[in-house]
Amino acid sequence: MARNQIVWRRRRPKRAAGRLGWTAFMTALVCGPAWLVFVDEPRQADDGAVNPLALIVPSLGVLFGLLWVPHLLALVRRPQVAADHYALTARPGVVRTLVLPWAELAELAVMEVDEEPFLLIRCVPQLHRSGDWPRWWDQAHLRSARRSVAAVSAYDLAVPLDDFLGTPESLLTGLARYAPSHVTIVSRATW
């Protein structure tokens, strides 16, 4: 870590590993018996048509294979937060890492929603948005927080803080040292 930037240290990915474990358990629970029952089904029926029972095992394999992809990505591309005097860098999920210049940010807040702390980021409304402006696929955590607390809808991005070492207040304090004076820093109570 350079002296002119802060990078939040991440915890071990226990939640992502747990979800991957449950997916593996469900894969074995569903695909194992299906394979035992339907493995010997012929590909074609007696009249030459495709036997739909022969498609059950490959279909389940494809379905569960697709279910594994987001869980594996969550182990590899974990949330990230860093800041320097130019910008705040945030990756709230597995999709994109956003570099948000401080000039485009209005507020940083730490808020607990349903016993889970979030870093909430509010951007300055702009006519011409940069390519790193938070988009739909970056806002999955924000959408889940909005379901519980309407006040969260004023923000543009949410990063779950359970993935990082330290208390929410200490993490926010570290970011506040790099934020310019026009960025409001708020620590809110439980909603």
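Quick note: structure is the one above.
Residues numbered from 1 in each chain as written. Predicted model: local features only at pLDDT ≥ 70, side-chain atom pairs only at ≥ 80, totals over all residues. Heavy atoms only, no water.

Q: Lay out the pairing of strand β7 (residues 157–160) with the relevant residues and their values.
A: Going residue by residue along β7, you find Leu157 and Val159 tucked away on one face and Ala158 and Pro160 tucked away on the opposite face as well. Relative to β7, strand β6 (residues 116–123) runs antiparallel, the two sharing 4 bridges. Residue Leu120 lies in a different strand from β7, and its bridge partner there is Ala158. (Buried < 20%, exposed > 50% of the residue type's maximum accessible area, 1.4 Å probe, protein only. Helix = DSSP H or I, 4+ residues; strand = E, 2+ residues; numbered from the N terminus. Pairing = 2+ DSSP bridges.)

Q: A description of unusual backbone geometry should follow, citing residues and the corresponding values.
A: Even without being glycine, Asp114 reaches a positive phi, approximately 50°. Within the secondary structure layout, Asp114 lies in the loop between β5 (105–113) and β6. Of note, Glu115 is a non-glycine position whose phi angle comes to about 65°, a positive value. Structurally, Glu115 can be placed in the loop between β5 and β6. Overall, the relative accessible area of 69% leaves Glu115 in the exposed class.

Q: So, the pattern of salt bridges: which residues are in play, and what are the values?
A: Counted by the stated rule, this structure contains 4 salt bridges. Note that Arg15 and Glu116 form a salt bridge whose closest N and O atoms lie 3.3 Å from each other. Note that Arg15 is positioned in helix α1 (residues 14–38) and Glu116 in strand β6, a separation of 101 residues in sequence. Note that Arg122 is salt-bridged to Glu107, the shortest N-O span being 3.1 Å. You can see Arg122 sitting in strand β6 and its partner Glu107 sitting in strand β5, a full 15 residues away along the chain. The class of Arg122 is partly exposed, set by a relative accessible area of 25%. Classification of Glu107 as buried rests on a relative accessible area of 8%. The network of salt bridges with common partners includes Arg15, Glu116 and Asp162. (Salt bridge = Lys/Arg side-chain N within 4 Å of Asp/Glu carboxyl O.)

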